[in-house]
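# Coordinate inspection notes
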Amino acid sequence: MLRLLVGLTCLWLLVDSGSSFEVENKPVTEDCLDCLCETMSGCNASAICVNGACGIFRITWGYWVEAGKLTLPTDTALSDDAFTNCVNQPHCAANTVQSYMSKHGQDCNGDDHIDCLDFGALHKLGNLKCQEDLPYIFAKVFNRCLKDKERLAEGKIIKKQEETST
Ligand SMILES: *[C@@H]1O[C@H](CO)[C@@H](O)[C@H](O)[C@H]1NC(C)=O
């Protein structure tokens, strides 16, 4: 299961990038995107909608609209399927998250900086409610994922230090 998640982890980086859904500001790190998709869907790339929330990040229509209605190169924002086609495609979905966060990024938890914890709250609760408490299961899986990422990153730094000191 873990191997599957890791395999899917960088899905949106591999997908061919068209021009009509590119975004300039990308405030969300790859690790943070990983944890968002892992928490929302287990990074399951099946093109499905669950209660109107679609794709690996379970993005809703309202969220997609707020993010500027990014579309696949083959769609226009006016076409009926533009929303589902974009948010079910990992690259377009990831850029939708980036766009939403660059528009609505804020210090939801009051710790004086805007980071992945805030992006998690914004993603799950929306920009108007991001100060509220997260559902327990979401918080648990998301925080676990972030901790694992931190530990991995620390491991890499230590490895680098060892390499340069020998
Ligand atoms: C992904 O989601 C689909 C549709 O819900 C499901 O059939 C499939 O088993 C899931 N895959 C994994 C690896 O969980």
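Everything numeric in this text was worked out from a predicted model, so none of it was measured.

### A few points about the overall build of the protein
Helix and strand counts for the protein come out as 8 helices and 2 strands. The linear arrangement of helices and strands in the protein, starting from the amino end, is α-α-α-β-β-α-α-α-α-α. Considering the protein as a whole, with its 166 residues, one finds that 40% of them fall into the buried category. Partitioning the intrachain contacts of the protein with sequence separation of at least 6 by distance along the chain shows that 56% fall at a separation of at least 24.

### Re the packing of aromatic side chains
Summed over the entire model, instances satisfying the criterion amount to 3 aromatic pairs. Taking 5.6 Å as the distance between ring centres and 55° as the angle between the ring planes, the aromatic pair formed by tryptophan 64 and phenylalanine 83 counts as tilted. Here tryptophan 64 is found in helix α4 (residues 61-66), whereas its partner phenylalanine 83 is found in helix α5 (residues 82-87), with 19 residues between them in sequence. Owing to a relative accessible area of 2%, tryptophan 64 belongs among the buried residues under this scheme. The class of phenylalanine 83 is buried, set by a relative accessible area of 11%. Aromatic side chains phenylalanine 138 and phenylalanine 142 sit 5.4 Å apart centroid to centroid with 25° between the ring planes, which places their arrangement in the stacked category. Here the residue phenylalanine 138 and the residue phenylalanine 142 both occupy positions in helix α8 (residues 136-165), the gap between them amounting to 4 residues, near one helical turn.

### So, the environment of threonine 71
Position of threonine 71 relative to the elements: it lies in the loop between α4 and α5. Taking C-alpha positions, threonine 71 is 7.1 Å from cysteine 92, a pair spaced 21 residues apart along the chain.

### Quick notes on the nonpolar core
Counting residues in hydrophobic clusters, the biggest one holds 38 residues, and the most contacted among them are Phe57, Ile59, Val97 and Met101. When residues of this core are traced back to their parent elements, those giving at least two are α3 (30-41), α4, α5, α6 (90-104), α7 (116-125) and α8. Look past the residues within four positions of isoleucine 59 in its chain and what remains in contact with it is Gly52, Ala53, Cys54, Trp64, Phe83, Val87, Ala93, Thr96, Val97 and His123.

### Looking at α3
Taking 1.5 Å of rise per residue, the 12 residues of α3 would be expected to cover 16 Å, and the 16 Å separating its terminal C-alpha atoms lies within 8% of that figure. In terms of burial, α3 is largely enclosed, as 9 of its 12 residues are buried. Buried within α3 we find Cys32, Leu33, Asp34, Cys35, Leu36, Cys37, Thr39, Met40 and Ser41.

### Side note on the packing of α3 against α8
Packed helix pairs are specified by the crossing angle of their axes together with the interaxial distance, meaning the distance between the axes. Interaxial distance between α3 and α8 falls to 9 Å at its minimum, and their mutual angle equals 145°. Judged by the sense of rotation from one axis to the other, the crossing of α3 with α8 is right-handed. In contact with Asp31, Asp34, Cys35, Leu36, Glu38, Thr39 and Met40 of α3, α8 contributes Phe138, Val141, Phe142, Cys145, Leu146 and Lys149. Class assignment for the residues of the contact of α3 with α8 results in 8 nonpolar, 1 polar and 4 charged.

Criteria and thresholds
- Each chain has its residues counted from 1, running along the sequence as written.
- With pLDDT at 70 or above as the cut-off, local features in this predicted model cover only qualifying residues; side-chain atom pairs require 80 or more to be listed or tallied, and sums for whole chains, interfaces and linings still use all residues.
- To get the side-chain values, take all heavy atoms of the structure and skip hydrogens and water.
- Numbered from the N terminus, helices here are DSSP runs of H or I no shorter than four residues, and strands are runs of E no shorter than two.
- Residue exposure (1.4 Å probe, protein chains only): buried if accessible area is under 20% of the type maximum, exposed if over 50%, otherwise partly exposed.
- Throughout, a contact is declared for two residues whenever any of their heavy atoms are within 4.5 Å.
- Put simply, two rings from Phe, Tyr or Trp (the six-membered ring, in Trp's case) pair if the centres are within 6.5 Å, and we call them stacked under 30 degrees between planes, edge-to-face over 60, tilted for the rest.
- Take the buried residues of types Ala, Val, Leu, Ile, Met, Phe, Trp, Tyr and Cys, join any two whose side-chain atoms come within 4.5 Å, and each joined set is a nonpolar core.
- Between the first and last residue of a helix there are one fewer steps than residues, each counted as 1.5 Å, and that sum is the expected span.
- In this analysis an axis means a line fitted to C-alpha atoms, helices contributing only their contacting stretch, and an angle means the value between N-to-C directions, from 0 to 180 degrees.
- If you view the pair so one helix is near and one far, a crossing is left-handed when the near helix is turned anticlockwise from the far one by less than a right angle, and right-handed when it is turned clockwise.
- Ten residues, namely Ala, Val, Leu, Ile, Met, Phe, Trp, Tyr, Cys and Pro, are considered nonpolar, four, namely Asp, Glu, Lys and Arg, are considered charged, and the remaining ones, Gly among them, are considered polar.

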